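Structural description and commentary
Here's the letter readout for the chains.
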Amino acid sequence: MIGIGKWLCKVNSMFYRGEVTLNIADNNGEYDITLEIDADFDMPDYKIYDVTTEGNTVTAKAEVSLLPGKVVDVSFTIENDVLSGVLKVPFMGKIKVTDGHKIA
């Protein structure tokens, strides 16, 4: 499994600008991915599923309570200990995640 640990990443979107902690864990051979975000931001409920890997890239799908029936496509790559990725969110477009570095 690639990317296991906590990653501090930068996000710059119209709804949130700041840092996000991406927690990637092994849950009995399955990926368990969660987000920690600034307490001042009201994070909607979400569920990440269908996590797959190919080489150094992880892809997944997510459901977000604010977008019922819609799917968010998640993809991130880890190269030279740096995580970067993109979330393709319906009605919003792409949200880039950059400069991720492992903190635990």
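Here the structure is a predicted model, which means the values were calculated and not measured.

1. Brief notes about the sheet that holds strand E1 (residues 5-12)
- With respect to topology, eight strands assemble into an open sheet ordered E3-E2-E1-E8-E7-E6-E5-E4, the strand pairing being antiparallel. The open sheet has two edge strands, strand E3 (30-37) and strand E4 (46-54), and neither has a second partner. Neighbour to neighbour, the strand axes of the sheet diverge by 25° on average, direction disregarded.
- Across seven bridges, the pairing between E4 and strand E5 (residues 57-64) is antiparallel. By the bridge assignment for E5, tyrosine 49 is matched with lysine 61.

2. As for the nonpolar core
- Counting residues in hydrophobic clusters, the biggest one holds 21 residues, and the most contacted among them are Trp7, Leu22, Ile24, Phe76 and Leu83.
- Of all the elements in the fold, those that place two or more residues in this core are E1, strand E2 (17-27), E3, E5, strand E6 (72-79), strand E7 (82-89) and strand E8 (93-102).
- Among the elements that make up this core, the one with the highest residue count is E6 (four residues).
- Those residues in contact with tryptophan 7, other than ones at most four positions away along the chain, are Val20, Thr21, Leu22, Ile24, Ile78, Asp81, Val82, Leu83, Gly100, His101, Lys102 and Ile103.

3. Looking at the packing of aromatic side chains
- Following the criterion strictly, the structure yields one aromatic pair and no others.
- Judged by centre distance (5.1 Å) and plane angle (65°), the rings of tyrosine 16 and phenylalanine 41 are edge-to-face. With tyrosine 16 in the loop between E1 and E2 and phenylalanine 41 in the loop between E3 and E4, this pair connects stretches of sequence that are 25 residues apart.

4. Some details on the side chain of threonine 21
- Within the secondary structure, threonine 21 sits in strand E2.
- The contacts of threonine 21, once residues within four sequence positions are left out, are Lys6, Trp7, Leu8, Thr34, Leu35, Glu36 and Ile103.

5. Observations regarding the environment of leucine 66
- Mapping leucine 66 onto the fold places it in the loop between E5 and E6.
- Separated by 20 residues in the primary sequence, leucine 66 and tyrosine 46 have C-alpha atoms spaced 8.9 Å apart.

6. Here's the deal with unusual backbone geometry
- One non-glycine residue, aspartate 81, lies in positive phi territory at about 60°.
- Take aspartate 81: it is sitting in the loop between E6 and E7.
- Judged by relative accessible area, which is 64%, aspartate 81 ranks as exposed.
- With a phi angle near 50°, aspartate 99 is a residue other than glycine that sits in the positive phi range.

Conventions adopted
- Residues numbered from 1 in each chain as written.
- Predicted model: local features only at pLDDT ≥ 70, side-chain atom pairs only at ≥ 80, totals over all residues.
- Heavy atoms only, no water.
- Pairing = 2+ DSSP bridges.
- Helix = DSSP H or I, 4+ residues; strand = E, 2+ residues; numbered from the N terminus.
- Axes fitted to C-alpha atoms, helices over the stretch in contact; angles between N-to-C directions.
- Core = buried A, V, L, I, M, F, W, Y, C linked by side-chain atoms within 4.5 Å.
- Buried < 20%, exposed > 50% of the residue type's maximum accessible area, 1.4 Å probe, protein only.
- Contact = heavy atoms within 4.5 Å.
- Phe/Tyr/Trp six-rings, centres within 6.5 Å; stacked < 30°, edge-to-face > 60°.

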